[in-house]
Amino acid sequence: MLRLRAFRPTGSKIVKIQLHPTHPWLVTADDSDHVSVWNWEHRQVIYELKAGGVDHRRVLGEKLEKLAEGDSDAKSKTIEATRGGSVKQVNFYDDDVQYWQVSRNRSAASETPSSVSQHTFNGSSPGSSTRGRHFLVVCCENKAIFLDLVSMRGRDVPKQELDNRSLLCMEFLPRSPGGDGPLVAFGSSDGVIRVLSMITWKLVRRYTGGHKGSISCLMTFMASSGETLLISGASDGLIVVWSADYTQDSRDLVPKLSLKAHDGGVVAAEISRVLASAPQLITIGVDKTLAIWDTVSFKELRRIKPVPRLACHSVTSWCHPRAPNLDILTCVKDSHIWAIEHPTYSALTRPLCELSSLIPPQVLAPSKKLRVYCMVAHPLQPHLVATGTNVGVILSEFDPKSLPAVAPLPTPSESKEHSAVYVVGRELKLLTFQLSNTASPGLGGGVSTLETGRGRGDFTDVLHIKQSKKHISTPAPHDSYSVLSVSSSGKYVSMIWPEIPSFSIFKVSDWSVVDSGSGRLFAWDTCRDRYALIETGLLPRMPVLPRGGMSRKAKEAAAAAAQAMAAAASAASSATVQVRVLLDDGSAHVLTRSIEGRNEQVVGLYGGALLGVAYKTSRRASQTAPSAISTMQAMPLSGFGNGGVSSSFTASEDPFSSSRTAVEAAPPNFQLYSWETFQPVGGLLVQPEWTAWDQTVEYCAFAYQQHIVISSLRPQYRCLGDVAIQSATCAVWHRRQLFVVTPTTIEVVFVDAGVARVDLETKKRKEEQKLNEAKKTAFAEHGELALITVENPQRDTNERVSLRPPILQVVRLASFQHTPSIPPFISLPRQSKLDGDDITSLKNIDEKKASEVAVAGGGVSVAITRFPQEHMRPIGPLVIVGVRDGVLWLIDRYMCAHALSLSHPGIRCRCLAASGDAISAVKWAGRLAREHHDDLAQFMLGLGYATEALHLPGISKRLEFDLAMQSNDLKRALQCLLTMSNGRDVGQDTAGADISDILSLSAVKQENLVDAIQGIVRFAQEFLDLVDAADATGQGDIAREALKRLAAAGSVKGALEPRVLRGIALRLANHGELTRLSGLVGNLVTAGEGREAAFSAAVLGDNVLMEKAWQDTGMLGEAVLHAHAHGRPTLKNLVVEWNKVLQKELEQKPSRKTDAATAFLASLEEPMLTSLAEAGKKPPIEILPPGMASLSAAPISIKKALPAPAQKVIENQPKEPLALEAPPAQEVRPEISSPQPDNGEAQPAS
């Protein structure tokens, strides 16, 4: 039933093992006394220590440290140089270990119906903090080693400081009154328990008079009265109970109770939490028995021998929803993990797992058998079990995705009491829970407290929960693992037993069964009370064959049973998906007996607004397999109504196989179907682990091993993205918030689809289709009268809609890790010794810091953190009930309700905004420190609440400008720009700010003006955007105010970029700001923007300035055309200068290397020279405007008109090729003319 999570091979036997509650650390000790700390998540060894002998690395490090501190006695023998002896126990100790030790004990004690404790638990650390240090504690015979894994500094306590007695076991005490700090109790060989302070490193207490033999085990637990008790077991076979909450000033404490437990000695002890009962004490002894004791009366409840002829050497409490009747795990020296059923039932022992099948085959030699020597279950994640064997460390994982058998029911309107149905064995029970207005100081009475975040300036609301459990008269037909789910209306509850397989549907009003049958795949529709299932026949049981010979009839019966089993398996593989609906009278009606789709075997059903069906396919990924979500282009929905988390149980081909790490590695085998038409929707997808649909059928989430894909469904399907939340077990939507639970954390994802272009197009197309359908319907009913239309105000079809990207923001609400603190070697200088005064002063400083809370106007407390410190996640698998009464409700494996407060302003404001109440979110923001208003405003802007976000008082001017632009409040945007740029007084009195004007001002005004110009330059693009927005909305006064500042900055030479200058010039011309435009022409010319400078000069009507702009920027062609068109006298000079520039560019053209053939062909294309004298007089190329004579031609003199005959002679002469003029009707273009030789020039007529 387990799968391999991690494996570390070793060459020695692992005899001691322990897991850290919050970090992925595992510490082991082998039979050669080598201790190693292993990160099982990253498969990396963190630290190794030779604890039994002398670790020379630590000895050398200690000597070097003493030399660095100037210790003259560095050469003397240190404690690290003494041999530790045999390793007896290894463990971790830090704030997380301390916190969860008390929390687990308190949770177990709260199950007792008669709890009357007067101790309150406000979620703070029960004892002195370790101040960010993570200790590895190794208990050896001769000394105890305390090693800080953060700073790698160690402290060895020899047995001489503990009355010179051998140390055999240890346990950390949860409470330490006074200034003793963290305390650790050591069991010694003389039967005395000695308590050591981890602050002073001195002996502070002794527990004497309880044992006559050596102590073998120690553990603490909390009684129903709230008192912390210390349990000790020894070689004399006694179990002794001590009080760990000592208040009297006594060095020696006597036992409270002593009882005989085992013959030959006690090996180990463990506390087991029992549902709706007091915790039970489990002990194992040398006599190969396991005893279970009541912790109230300390009477023996049951004594068994788990494995005949073998002694148990490890025992641990276990609680997993997949195995609801198994409460205890133990191991002997074989290859199994043994599980013991609840002692209330039969207390039978069965093998849970055969470890030889988990490890790689090459690790275990053919002649070698696997042996287990130690075992421990993870204290917070019960699906993880670590075992130490003779081949290495095996970390097993047992179905981490299974959930408790509980289903929350809808809460009636105007009711504050919530309920959920759950099953224990074959009993249906109803759990009711609500927030309690009166805080109960006791553990019992059905009242529990929420452990909220802690820290300076945090909202530390302690929520008291009142809960009760009632019995339902209708029994459950089976007592195995079950999955519960609720219909969309909340009127029906389904219960599926996938291992039977069987299902039943109960009516909530009277808990009568309305439908039942055989099947293990089931899914609800989240819009109506209908469901899909696959009916499968019960598999026949194979008869047990005797070892000896069988008779003929027995053989025939066995063959018939095998044939029936094969037929049942074949029928199960060909079973089809049925869809049924529950009518108003409670009867079930079959809508379809088969969804026509694919021929493969169905391996999973997923409920929701669409029915998801997973088919059995090959494990090999297809080369052309599409991505997980990209195949869905449009998704017509089956209807509208209340939705939620899919209520299906996904049964894969191998539920205990390792999950795939990437979606792309799996072939697509998941198809969505419409509940209405039973037709497929979209293409094949990769099968998710679970699906969740929100109540309004606007969003859906598909969970995979490494991430969750979130999509929008309206107006059409669109994938918004994925969030990297790994190994999520379940989730529930609350408006635009997705609350997700993982094995270690609780997260919330704030979701908004934004505004995409495809959504606008789809919405427009649907509106047009709806309008056309309405017209057709009206025409069919009224005929031609329907064509008569009345003109109504038409909406602008070209209305500008700002697009917004989708938003996916993940906030962690709870985790297992304790509030981090700063290690002392970082925050304080190292101190070798601390006396009592120093300890007291440090403690007072910490308490003062913890009590500091910022106070706003009116005495309102203000949270100074962006988000609250993470809550402490409840232990084990959880089921999310949802958000009710402003808190997030959860139910754990022991059917206990938990509430996570959402009252921190950073969370509360986001929840309100996601729910659509942006105004209340702004009001709540008054309780959030103003330095976090920018972050909140960005979040509200992503949700489309730019106008509401403008009312946040603490937003920065830069963000205020963006919000004002988004909400079209251009006047406020202009005020923000003027404030940011310090340019409020710029451009008011003068059109520009030339350098001469600046120099003529006083020193103070010069500095202010220079700062203002620099500010305008820094926000020049924002000013331009504001001008464009004002022009688009017809707010010319705002545009002119912005242009004034831009023109003032643009008149300063070199202040603005050419691109910005060009934009300013065009906008000034558009607004007719000619006076301000004239000050920019010179700077445009300097920046090389001749075209814009000439355009500005044209707007100003200054031809001279236009030619100067073109000429100074090298645009001589435009200057020539302009001078020719307007008859400017500078035309010839411009043409000469232009041709010189062209000739220079032609001469500077780089020559290309060519071969002989290419050079010869190129020479044929050039004009042939008649003599060598003409080679040096190659005419230059001239480009002239139309109608202009050649520059090298002689001037043409025009004389008086000739007589008629002479005129004919002139007409008969060929035309001179002075210039090629275009016809008047053609476009005017510059033409190329080549000057002719002198002998070919035309002569004037005589």
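Note that the structure is a prediction, hence the values are computed from the model and not measured.

1. Description of empty space enclosed by the protein
Logical step 1: If you walk through the whole model with that rule in mind, you get 4 cavities of 30 Å³ or more.
Logical step 2: By volume, the largest cavity amounts to about 90 Å³.
Logical step 3: Lining the largest cavity are 14 residues, with H383, P400, P743, G876 and P877 sitting closest to its centre.

2. Describing the pattern of salt bridges
Logical step 1: Overall, the coordinates contain 31 salt bridges when judged by the stated rule.
Logical step 2: Its salt-bridge partner being D163, residue R194 comes within 2.6 Å of it at the nearest N-O pair. Within this pair, whereas R194 is found in strand β12 (residues 193-197), its partner D163 is found in the loop between β9 (154-158) and β10 (167-173), the two being separated by 31 residues in sequence.
Logical step 3: One salt bridge connects R812 with E747, and the closest N-O pair in it is separated by 3.0 Å. Of this pair, R812 sits in strand β54 (residues 807-815) while E747 is found in strand β53 (residues 745-752), placing the two residues 65 residues apart along the sequence.
Logical step 4: One network of salt bridges, in which partners are shared, links D163, R165, D190, R194 and R206.

3. Overview of the sheet that holds strand β38 (residues 512-517)
Logical step 1: Strand order in this open sheet of 4 strands is β35-β36-β37-β38, and the pairing throughout is antiparallel. The sheet terminates laterally at β35 (483-486) and β38, the two strands that pair on one side only. When strand polarity is set aside, the average angle formed by the axes of neighbouring strands in this sheet is 20 degrees.
Logical step 2: In the sheet, strand β36 (residues 492-497) pairs with strand β37 (residues 502-507) via 6 bridges, with the strands oriented antiparallel. Bridge pairing links V493 to F506 in β37.

4. Side note on the packing of helix α11 (residues 957-966) against helix α12 (residues 970-981)
Packed helix pairs are characterised by how far apart their axes lie and by the angle those axes make with each other.
Logical step 1: Where α11 meets α12, the axes come as close as 8 Å, and the angle between the chain directions of the two elements is 155 degrees. In terms of their interaxial angle, α11 and α12 are classed as roughly antiparallel. Two packed elements cross with a definite hand, and for α11 against α12 that hand is left-handed. Side by side, α11 and α12 meet where K957, R958, E960, F961, A964 and M965 of the first sit next to L970, R972, A973, C976, L977, T979 and M980 of the second.
Logical step 2: Residues belonging to the contact of α11 with α12 are distributed by class as follows: 8 nonpolar, 1 polar and 4 charged.

5. Focus on α12
Logical step 1: Under the 1.5 Å per step criterion, the end-to-end length of α12 is 16 Å for 12 residues, consistent within 8% with the ideal 16 Å.
Logical step 2: Taken together, the buried positions of α12 are L970, A973, L974, C976, L977, L978, M980 and S981.

6. Side note on helix α2 (residues 95-110)
Logical step 1: The first and last C-alpha atoms of α2 sit 22 Å apart over 16 residues, in line with the 22 Å expected at 1.5 Å per residue.
Logical step 2: Within α2, 13 of the 16 residues are buried, which leaves it mostly tucked inside the rest of the structure.
Logical step 3: N-capping of α2 is provided by D94, with a side-chain oxygen placed 3.1 Å from the backbone N of D96.

7. Description of the packing of aromatic side chains
Logical step 1: Taken as a whole and assessed by the stated rule, the structure comprises 18 aromatic pairs.
Logical step 2: Taking the centre distance of 5.6 Å and the plane angle of 85 degrees together, the rings of W100 and F816 count as edge-to-face. Taken as a pair, W100 in helix α2 and F816 in the loop between β54 and α5 (824-827) lie far apart in primary sequence, 716 residues in all.
Logical step 3: A ring pair is formed by W693 and F702, whose centres lie 6.3 Å apart and whose planes are at 65 degrees; its orientation type is edge-to-face.
Logical step 4: The buried category is assigned to W693, whose relative accessible area is 1%.
Logical step 5: By relative accessible area, F702 is classed as buried at 2%.

8. Side note on the nonpolar core
Logical step 1: One finds F739, I746, L813, M940, L963 and F1023 to be the most contacted residues of the largest nonpolar core, which totals 85 residues.
Logical step 2: Discounting chain neighbours no more than four positions away, the residues touching F1023 are L974, L977, L978, S981, I1016, A1042, R1045 and L1046.
Logical step 3: Core analysis: the next-biggest nonpolar cluster, separate from the first, contains 35 residues, F92, F135, V157 and L203 among them.

9. Here we look at unusual backbone geometry
Logical step 1: A cis amide bond links I500 with the next residue in sequence, P501, at an omega value of -10 degrees.
Logical step 2: Checked against the element boundaries, P501 lands in the loop between β36 and β37.
Logical step 3: Within the chain, M152 stands out as a residue other than glycine whose phi angle is a positive 60 degrees.
Logical step 4: One can find M152 in the loop between β8 (143-148) and β9.
Logical step 5: What makes M152 partly exposed here is its relative accessible area of 39%.
Logical step 6: Phi at K288 is positive, roughly 65 degrees, even though this residue is not glycine.
Logical step 7: With respect to the element layout, K288 can be found in the loop between β20 (280-285) and β21 (290-294).
Logical step 8: Residue K288 is classed as partly exposed on the basis of its relative accessible area, which comes to 32%.

10. Quick word on the sheet that holds strand β26 (residues 349-354)
Logical step 1: One open sheet accounts for 4 strands, arranged β23-β24-β25-β26; its pairing is antiparallel. In the strand order of this sheet, the two ends are held by β23 (314-317) and β26, each with one partner. With strand direction ignored, the average angle separating the axes of adjacent strands in the sheet is 30 degrees.
Logical step 2: Bridge count between strand β25 (residues 336-341) and β26: 5 bridges; the pairing is antiparallel. Its bridge partner lying in β26, I340 is registered against T349.

11. Points about a nonpolar patch on the surface
Logical step 1: A surface patch of nonpolar side chains, amounting to about 310 Å² of accessible area, comprises L1066, L1074, F1095 and V1099.
Logical step 2: With respect to the element layout, L1066 can be found in helix α17 (residues 1058-1071).

12. Digging into the pairing of strand β4 (residues 34-39)
Logical step 1: Most of β4 sits out of view: 5 of its 6 residues are buried.
Logical step 2: Where strand β3 (residues 25-30) hands over to β4, the hairpin turn is made up of 3 residues, of which D33 adopts a positive phi near 65 degrees.
Logical step 3: Across 6 bridges, the pairing between β4 and strand β5 (residues 44-50) is antiparallel. When the bridges of β5 are listed, V35 appears paired with L49.

13. A look at the pairing of β37
Side-chain direction in a regular strand flips from residue to residue, so the side chains alternate between the two faces of the sheet.
Logical step 1: In terms of burial, β37 is largely enclosed, as 5 of its 6 residues are buried.
Logical step 2: Connecting β36 to the next strand, β37, in antiparallel fashion are 4 residues.
Logical step 3: Bridge analysis of β37 against β38 gives 5 bridges, and the strand direction is antiparallel. The residue of β38 that forms the bridge with K507 is S512.
Logical step 4: In textbook terms, the turn of a hairpin is the stretch between consecutive antiparallel strands, and for β37 and β38 this stretch comprises 4 residues, one of which, W511, has a positive phi near 55 degrees.

14. Observations concerning the confidence of the model for the protein chain
Logical step 1: When pLDDT is averaged along the protein chain, the result is 77, and 72% of the positions lie at 70 or above.
Logical step 2: Taken as a whole, residues 439-447 scores under 50 in pLDDT and shows 25 contacts with residues more than four places along the chain or in a different chain.
Logical step 3: In this model residues 998-1002 is a low-confidence stretch, pLDDT under 50, and it forms 8 contacts with partners more than four residues away in sequence or in other chains.

15. What to know about the packing of helix α16 (residues 1036-1050) against α17
Logical step 1: It is the contact of α16 with α17, at a shortest axis distance of 10 Å, that shows an interaxial angle of 135 degrees. Our classification of the angle between α16 and α17 gives oblique. The handedness of the crossing between α16 and α17 comes out as left-handed. Contact with α16, carried on its side by A1039, R1040, L1043, L1046, A1047 and G1050, involves L1061, I1064, R1067, L1068 and H1071 of α17 and no other residues of that element.
Logical step 2: Of the residues contributing to the contact of α16 with α17, the split by class is 7 nonpolar, 2 polar and 2 charged.

About the criteria used
Residues numbered from 1 in each chain as written. Predicted model: local features only at pLDDT ≥ 70, side-chain atom pairs only at ≥ 80, totals over all residues. Heavy atoms only, no water. 1 Å grid on protein atoms, 1.4 Å probe; cavity = no way out; pocket = protein on both sides within 12 Å on 5 of 7 lines; lining within 4 Å. Points joined across faces, edges and corners; volume = space filled by probe spheres on them. Salt bridge = Lys/Arg side-chain N within 4 Å of Asp/Glu carboxyl O. Helix = DSSP H or I, 4+ residues; strand = E, 2+ residues; numbered from the N terminus. Pairing = 2+ DSSP bridges. Axes fitted to C-alpha atoms, helices over the stretch in contact; angles between N-to-C directions. Parallel < 35°, antiparallel > 145°, perpendicular 65-115°, else oblique. Left-handed = near helix turned anticlockwise from the far one by under 90°. Contact = heavy atoms within 4.5 Å. Nonpolar A, V, L, I, M, F, W, Y, C, P; charged D, E, K, R; others polar. Expected span 1.5 Å × (residues − 1). Buried < 20%, exposed > 50% of the residue type's maximum accessible area, 1.4 Å probe, protein only. Polar contact = N/O pair within 3.5 Å; in protein donor to acceptor, adjacent residues only side chain to side chain. Phe/Tyr/Trp six-rings, centres within 6.5 Å; stacked < 30°, edge-to-face > 60°. Core = buried A, V, L, I, M, F, W, Y, C linked by side-chain atoms within 4.5 Å. Patch = residues over 30% accessible without salt bridge, like charges linked within 9 Å, V, L, I, M, F, W, Y side chains within 5 Å. Areas by Shrake-Rupley, 256 points an atom, 1.4 Å probe, with all protein chains shown as cover. pLDDT = per-residue confidence, 0-100.

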